[in-house]
Amino acid sequence: MKLSKRIQEVEYSAVRKLTPYADAAKARGIKIYELNIGAPDIEVPDVYFETFRDVKKGPLPYAHAQGLIELREATAKYYKNRGINFDAKDIYITDGASEALVFTFQTICDEGDQVLTTDPFYTNYRTVFQQLGIEVEAFKTDPKEGFALPEIEEIEKHINDKTVAILLSNPTNPTGALYSEEEIMRIVELAKKHDLYIVADEVYREFVYDGNDYKSFGEVQGIEDNLILLDSISKRFGACGARIGSIASKNPEIKDAINKLCNCRLAAPTLEQKAAAKLYGIDPSYLEEVNKEYQKRRDVIYEELIKIPGVTVEKPKGAFYVMPKLPVDDTEKFAIWLIENFQIDGETLMFAPAAGFFKNKEEGRQMVRLAFVLNVDDIRKSMRILREGIEAYARENE
């Protein structure tokens, strides 16, 4: 039977590509420290689960296609408290930020259109683009500069007649870069000059370290027609499995188009939306404590990485990822070797090889993305495995 050309071109996510190797190792009794995926281990606030206990038995109807009004109002209140001016009518609830990505690019791009983003970029952006027949163009960000945005002239070189939008993750997956207000305004200037959409992926908004300021695209005036803001409760509240995301826009044509797609898939999960609405009402101290914990983890993983001979790395300013360069020829081969052949006391490590995060995969062959989503003790253990694994791999390949 025939499969579509489109699906045959879709690649497996670099984040989950090694899962079959890990599953086989676990079946052999090996414990694996999973730093390959951004799945926080923080506890979801109790109020989320209390919502399910309070549900009365009976029919479970569809929610409104746009999303439950209480969740959209709670999200809008959260935004306004951060200086981001969206009302409930501007917000569309999706099945996680992944569906928000698909809906957004279904709406603004035709096949053969081009989206501009950073290089490296979140691997699943590529997956979405391949599904929809969209071309990705990317401007390089330098690891030695903390993956900061290049000057405006360099970014503009990559804009052409096929460019429809600039997609930016801030703080950034996979690099942990945090963009300053001045960097944000470079993107705003280019979007207005070339009449482009700005698709702002801000799911890591709370994860900002060292007292740095955070600037949301939603705080910028004068880009109401350009801006499409994507969000999720997954990282913010440790609720990845809830699958509740959102799209926010002031542009009436965008909103009407997104609403068509929401109606087509009927609704996001009703109970999860009710529970998510409660999350936005918790005390702000929850998010403050989460931020402190992740800054501690960031500090530990960075301190351990710089001790490993041959590793080069910059300290990330946001999100919960770090992207070091390892002294190995190919980090995918090394990752598989670690899982299959190297353990310390029956334990090993899984990370995401970075090739899948680059437009030109050869540029990421020696890099990895590590998600510091485990507790400090487990991070130290996993970095010991990485250090000794690199040494053993080098001996084996002399």
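- By the naming in an unreviewed UniProt entry, the protein is Aminotransferase, taken from Peptoniphilus genitalis.
- Its UniProt record, at the heading Cofactor (unreviewed entry), says of the protein: "pyridoxal 5'-phosphate".
- What the UniProt record of the protein gives under Sequence similarities (unreviewed entry) is the line "Belongs to the class-I pyridoxal-phosphate-dependent aminotransferase family."

Points about the nonpolar core
Part 1 of the argument: Membership of the largest hydrophobic core comes to 111 residues, with the highest contact counts inside it found for Phe217, Leu305, Phe334 and Leu386.
Part 2 of the argument: Not counting residues up to four positions away in its chain, the partners in contact with Leu386 are Leu305, Ile308, Leu326, Phe334, Leu349 and Phe351.
Part 3 of the argument: Ranked by size, the runner-up nonpolar core spans 28 residues in total, among them Tyr125, Ala165, Val199 and Cys262.

Concerning the UniProt feature "domain: Aminotransferase class I/classII large" (unreviewed entry) in the protein
Part 1 of the argument: UniProt tags residues 34-343 as "domain: Aminotransferase class I/classII large" (unreviewed entry).
Part 2 of the argument: Helix makes up 38% of residues 34-343 and strand 13%, and the two end C-alpha atoms of the span are 14 Å apart.

Brief notes about the sheet that holds strand β6 (residues 197-201)
Part 1 of the argument: The strand order β2-β8-β7-β6-β5-β3-β4 describes an open sheet built from seven strands, whose pairing is mixed. Here the strands that pair on one side only, and so sit at the sheet edges, are β2 (91-94) and β4 (135-140). When strand polarity is set aside, the average angle formed by the axes of neighbouring strands in this sheet is 25°.
Part 2 of the argument: Note that strand β3 (residues 114-119) and β4 share six bridges and pair parallel. If you follow Asp119 over to β4, its bridge partner there is Lys140.
Part 3 of the argument: Packed on one face of the sheet, helix α4 (residues 69-81) meets β2, β7 (227-232) and β8 (245-248) and runs near 115° to β2.
Part 4 of the argument: Its contacts with the sheet put helix α8 (residues 181-194) on β5 (163-169) and β6, and the angle it makes with β5 is roughly 170°.

Here we look at the packing of helix α2 (residues 19-27) against helix α12 (residues 331-341)
Part 1 of the argument: In the contact formed by α2 and α12, the axes pass within 9 Å of each other and the chain directions differ by 10°. Here α12 runs roughly parallel to α2, going by the angle between their axes. Crossing angle aside, the handedness with which α2 passes α12 is left-handed. Contacts between α2 and α12 involve Tyr21, Ala22 and Ala25 from the first element and Ile336, Ile339 and Glu340 from the second.

Thresholds, definitions, all that
- Residues numbered from 1 in each chain as written.
- Predicted model: local features only at pLDDT ≥ 70, side-chain atom pairs only at ≥ 80, totals over all residues.
- Heavy atoms only, no water.
- UniProt positions renumbered as here; feature names shortened; annotations may be inferred.
- Core = buried A, V, L, I, M, F, W, Y, C linked by side-chain atoms within 4.5 Å.
- Buried < 20%, exposed > 50% of the residue type's maximum accessible area, 1.4 Å probe, protein only.
- Contact = heavy atoms within 4.5 Å.
- Helix = DSSP H or I, 4+ residues; strand = E, 2+ residues; numbered from the N terminus.
- Pairing = 2+ DSSP bridges.
- Axes fitted to C-alpha atoms, helices over the stretch in contact; angles between N-to-C directions.
- Parallel < 35°, antiparallel > 145°, perpendicular 65-115°, else oblique.
- Left-handed = near helix turned anticlockwise from the far one by under 90°.

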